[in-house]
Amino acid sequence: MEPNDDSLTRLQFLIASGVAGALAVCAKSQDPLFLVEPGDKHYESLRSRYNTCVDLRPAAIAPCTKPPHVMRAVQHANRTQLPIAIRSGGHSFEGFSSNDKGLVIDLSRMDRVQFLDGNRIAVEPGCTLAKLNDELLPRGRLLPAGSCGTVGIAGLALGGGYGFFSRKLGLTCDSLEALSLIDAAGKLRSTKDDPELLWACRGGGNGSFGVVIEMVFRTHTAPVNCTRHRLRVRGLDLPRASKLLEAWFEHSAKLPPSHFSAFVLNHTSLLVLVFGHGDEGPAVERFLRDFGELCDETQRGTPQPLAKSLVGHYGRVGPLPFKNASAGLYRDFDDLRKAAPGALDVVLQTPGLIFQVNTLGGAIADPAAAAVSSYPHRDRPWLGELQAYWDKPAQKAPLLDAFKKTQNILRVNGITSHYANYPDIAFTDWEQAYYGGNYERLRAVKRRYDPDNRFRHPQSVRP
Ligand SMILES: Cc1cc2nc3c(=O)[nH]c(=O)nc-3n(C[C@H](O)[C@H](O)[C@H](O)COP(=O)(O)OP(=O)(O)OC[C@H]3O[C@@H](n4cnc5c(N)ncnc54)[C@H](O)[C@@H]3O)c2cc1C
């Protein structure tokens, strides 16, 4: 997935054009609220978003650099009856961090990381994963998070957050120890006073309960090296693609928790990634040998310094047009057995369409983590993702048709559990799909922090 240097460019732009001066005035004790509205020369650059397919025009954008700005912005929305969308890294697939004719609270410049002691950190919401790695890795520390460097820590952790280290260390939200937010009344609230809010924000907190202004995470010892293996097949037809998918489920189930794998079918080409940060023991060797026998090419990696390797996965530079969404969370291949032939067939016939399955499981399945978080899918060790990318406008409509068709095949064949951080605006039963039996409990939290639904997007928790 794609990184960009959008926030840096925007900040440089603001400094050059004098807006940073306005922010500095705003940061003094009697801060007036600083709003950017349509017609303002900075409006277009500030409303810019990672996914250029999402074209929303807020009534106002409040770029905030400290908590009092956020409080004033919330009070302004209450006075003017504007709905609030909250933006940190801006990477929501469906643009849930923006809105039409509402207020956007933009936290992209609140990105400080502070060590509280040897292994705990306080992080502001706009911190990107690249910045987090830059702060942590030189100190030998790590937060299990996603792979894309420009994703924001707040959006990632509030919806769960998985990546190369999750099978060993759990979801990003499993390392979240506390957070502070500004609620719908404009008041500072802390999970220290309310464990139920922490439960809700570990997997169900995106844009629903308030504006998260700081998160405290436990960090972990970072491995020095990691190893990446890649297996490839080209020119696939349906029988071979189906056989490979089923075999990959069987073999990836036996990988140790130190290893992550992804099955990436891009039109007729398959890439299988194995990323490990521990002992390359017999189980990994068996995977490379036995699954490798089914592939055309096995590129065995050698240990590389972790920081260098992670940067190599930060992804392409955006913004760009795309459609991505969850393609289901699976207990095993049987969940996919009925849907697989139809879904794979569409992908094999559609250039630009990617069906990817990632390994979860391991520490994510820990019952102790399940007891204290609203992320409901811990019994599902595989996550599917559908992705469509295009260069030319003419490619968009056929790709989106194929995307819809694939999602429909998955749905009618029983794939109904989905990852909240990979939303699809077309999911009709999203409450159940993202939160399962936890949705009603999330609603109870919503009623306490935002009874009038001031914070909202098309798939936020309703009061
Ligand atoms: C290129 C790319 C790569 C990705 N890779 C991964 C990956 O490896 N692993 C993974 O788990 N996910 C991944 N994702 C999905 C990612 O976790 C979600 O898109 C995430 O919500 C983005 O967070 P953000 O802060 O960047 O986005 P934003 O668009 O700013 O926010 C996303 C959502 O979180 C809410 N939100 C943001 N900040 C706050 C806040 N301070 N308080 C309350 N609510 C807030 C918003 O309202 C919105 O609903 C990827 C997405 C992209 C586009």
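Values in this document were obtained by computation on a predicted structure and should not be read as measured data.

*Asks:* Mind laying out the overall build of the protein, listing which residues take part and the relevant values?
*Replies:* Per the secondary structure count, the protein includes 17 helices and 18 strands. Against the compact-globule benchmark of 23 Å for 463 residues, the protein has a radius of gyration of 22 Å, which places it among compact chains. Dimensions of the protein along its principal axes, counting C-alpha atoms only, are 70 × 50 × 45 Å. A separation threshold of at least 6 residues defines the contact pool for the protein, and within that pool the share at least 24 residues apart is 74%. Accessible area of the protein: about 18,300 Å², with a carbon and sulfur share of 52%. With 55 positive and 48 negative side-chain charges, the protein shows a separation of 3 Å between the mean positions of the two kinds.

*Asks:* Pulling in residues and values, what's your account of the pairing of strand S9 (residues 211-218)?
*Replies:* Counting buried residues in S9 gives six out of eight residues, a clear majority hidden from the surface. Bridge count between strand S5 (residues 120-123) and S9: four bridges; the pairing is antiparallel. Counterpart to alanine 122 in the pairing with S9 is valine 216. In this structure, strand S7 (residues 176-182) lies alongside S9, joined through six bridges in antiparallel fashion.

*Asks:* Would you mind going over the site of the ligand in detail, with residue names and values included?
*Replies:* Taken together, 36 residues form the shell around the ligand, and within it Ser88, Gly90, Ser97, Gly152 and Tyr419 come nearest. In the model, a nitrogen atom of the ligand is placed 3.0 Å from a nitrogen or oxygen of the valine 212 main chain. Between the ligand and asparagine 421 there is a distance of 3.2 Å, counted from an oxygen atom to a side-chain nitrogen or oxygen. Burial of the ligand by the protein chains amounts to 98% of its free accessible area of 950 Å². Mapped by element, the contributors of at least two residues to the shell around the ligand are strand S2 (84-87), helix H6 (153-158) and S9.

*Asks:* I'd like a rundown of the sheet that holds S7, residues and numbers included.
*Replies:* On the basis of which strands lie adjacent, the open sheet formed by five strands has the order S4-S5-S9-S7-S8 and antiparallel pairing. Strand pairing shows two members of the sheet lacking a second neighbour, strand S4 (113-115) and strand S8 (188-190), which therefore form its edges. Neighbour-to-neighbour, the strand axes of this sheet turn through a mean angle of 20°, independent of strand direction. Lying on the sheet, helix H4 (residues 67-80) is in contact with S7, S8 and S9; it crosses S9 at an angle near 140°.

*Asks:* An account of the nonpolar core is requested, with residue identities and associated values reported.
*Replies:* Generally speaking, nonpolar side chains in soluble globular proteins are found buried as a group. Grouped together as the largest cluster of nonpolar side chains are 45 residues, with contacts concentrated most on Leu245, Leu336 and Phe355. The residues touching leucine 245, leaving out its near neighbours within four places in the chain, are Phe263, Phe333, Leu336, Ala340, Leu344, Phe355 and Val357.

*Asks:* Give a detailed account of unusual backbone geometry, specifying residues and quantitative values.
*Replies:* Look at glutamine 81: it is not a glycine, yet its phi comes out positive at around 60°. Under the relative-accessibility criterion, glutamine 81 is labelled exposed at 54%. Positive phi is not limited to glycine here, since histidine 267 has a value of about 60°. A residue is classified by how much of its surface remains accessible, and histidine 267, at 24% relative accessible area, is partly exposed.

*Asks:* Give a detailed account of the sheet that holds S2, specifying residues and quantitative values.
*Replies:* Read across the open sheet, the three strands follow the order S1-S3-S2; overall the sheet is parallel. This sheet does not close on itself; its edge strands, each paired only once, are strand S1 (60-63) and S2. Going across the sheet, the axis of each strand differs from the next one's by a mean of 20°, ignoring polarity. Pairing of S1 with strand S3 (residues 103-106) involves four bridges; the strand directions are parallel. Across the sheet, proline 63 pairs through a bridge with aspartate 106, a residue of S3. The strands that H4 touches are S1, S2 and S3; relative to S3, the one it contacts most, it runs at about 175°.

*Asks:* Outline the confidence of the model for the protein, supporting the account with residue identities and numerical values.
*Replies:* Per-residue confidence for the protein averages 93 on the pLDDT scale, and 93% of its residues sit at or above 70. Of the regions scoring below 50 in pLDDT, residues 1-29 engages in 71 contacts with residues more than four places distant in sequence or in other chains.

*Asks:* Go over the layout of surface pockets with me, naming the residues and quoting the values.
*Replies:* Estimates place the volume of the second largest pocket at around 660 Å³. Together, 34 residues line the second largest pocket, and Gln407, Asp424, Ala426, Phe427 and Thr428 are the ones closest to its centre. Put simply, the parts of the chain that give the lining of the second largest pocket at least two residues each are strand S16 (322-330), helix H15 (393-412) and helix H16 (430-435). It is H15 that contributes the most residues to the lining of the second largest pocket, eight residues altogether. A class-by-class count of the residues in the lining of the second largest pocket yields 14 nonpolar, eleven polar and nine charged.

*Asks:* Provide a residue-level description of empty space enclosed by the protein, including the pertinent values.
*Replies:* In the structure shown here, the tally under the stated rule is two cavities of 30 Å³ or more. Estimated volume of the largest cavity: approximately 140 Å³. Forming the walls of the largest cavity are 13 residues, and the residues nearest its centre are Asn133, Ala145, Gly146, Phe165 and Leu310. With three residues, helix H5 (residues 129-136) is the single largest residue contributor to the lining of the largest cavity. Counted by class, the lining of the largest cavity contains nine nonpolar, four polar and no charged residues. Lining of the second largest cavity is provided by Arg47, Arg49, Asn51, Val54, Leu56, Arg87, Gly90, Ser92, Gly95, Ser97 and Ser98. For the lining of the second largest cavity, the class distribution of residues is two nonpolar, six polar and three charged.

*Asks:* Summarise the packing of helix H9 (residues 238-252) against helix H10 (residues 282-291); cite the residues concerned and give the values.
*Replies:* Across the interface, H9 lies against H10 with an axial gap of 10 Å and an inter-helix angle of 165°. Considering their axes alone, H9 and H10 lie roughly antiparallel with respect to each other. Here H9 and H10 pass one another in a crossing that is right-handed. Taking contact as the criterion, the partners of Leu244, Ala247, Trp248, His251 and Ser252 in H9 are, on H10, Phe287, Asp290 and Phe291. Tallied by class, the residues present in the contact of H9 with H10 amount to five nonpolar, two polar and one charged.

Cut-offs and rules
Numbers given to residues run from 1 along each chain, matching the order in which its sequence is written. The model is predicted, so local features are restricted to residues of pLDDT at least 70 and side-chain atom pairs to those at 80 or more, both for listing and for counting; the totals for chains, interfaces and linings are taken over all residues. Only hydrogens and water are removed before side-chain values are computed, so all heavy atoms of the structure are retained for them. Under the DSSP-based scheme used, a helix requires at least four consecutive residues in state H or I and a strand at least two consecutive residues in state E, with every element numbered from the N terminus. For this measure, only C-alpha atoms enter the radius of gyration; the expected value for a globule follows 2.2 Å times N^0.38, where N is the number of residues. What makes two residues a contact is simply this: any of their non-hydrogen atoms within 4.5 Å. Surface accessibility in these figures is a Shrake-Rupley result with a 1.4 Å probe; residues are shielded only by whichever protein chains are displayed. In this count, Lys and Arg are taken as positive residues and Asp and Glu as negative ones, while His and the chain termini are left out. Note on charges: their place is set at NZ of Lys, CZ of Arg, CG of Asp or CD of Glu. Throughout this description, buried means an accessible area under 20% of the type-specific maximum (1.4 Å probe, protein chains only), exposed means over 50%, and partly exposed covers the range between. Two strands form a pair only when DSSP identifies at least two bridges running between them. Think of it this way: one heavy atom of a residue within 4 Å of a molecule or strand is enough to make that residue near it. Identification of polar contacts relies on pairs of N or O atoms within 3.5 Å, with a donor-acceptor requirement for protein atoms, meaning one able to donate a hydrogen and the other able to accept it, and with residues adjacent in sequence counted only if both atoms are side-chain atoms. Lines fitted to C-alpha atoms define the axes, with helix axes restricted to the stretch in contact, and inter-axis angles between N-to-C directions lie between 0 and 180 degrees. By nonpolar core is meant a set of buried Ala, Val, Leu, Ile, Met, Phe, Trp, Tyr and Cys residues that side-chain atoms within 4.5 Å join together. Per-residue confidence from the prediction method is given by pLDDT, with values spanning 0 to 100. Every definition here rests on a 1 Å grid over the protein atoms only: cavities are sets of points where a 1.4 Å probe fits but cannot get out, pockets are open sets enclosed by protein on both sides within 12 Å along at least five of seven lines, and lining residues have some atom within 4 Å of a point. Grid points are joined across faces, edges and corners, and a volume is the space filled by probe spheres set on the points. Lys, Arg, Asp and Glu make up the charged group, whereas Ala, Val, Leu, Ile, Met, Phe, Trp, Tyr, Cys and Pro make up the nonpolar group; the residues left over, Gly among them, are polar. Should an angle lie under 35 degrees it is considered roughly parallel, over 145 roughly antiparallel, and from 65 to 115 roughly perpendicular; all remaining angles are considered oblique. For any pair of crossing helices, the crossing counts as left-handed if the nearer helix is rotated counterclockwise from the farther one by less than a right angle, and right-handed if it is rotated clockwise.

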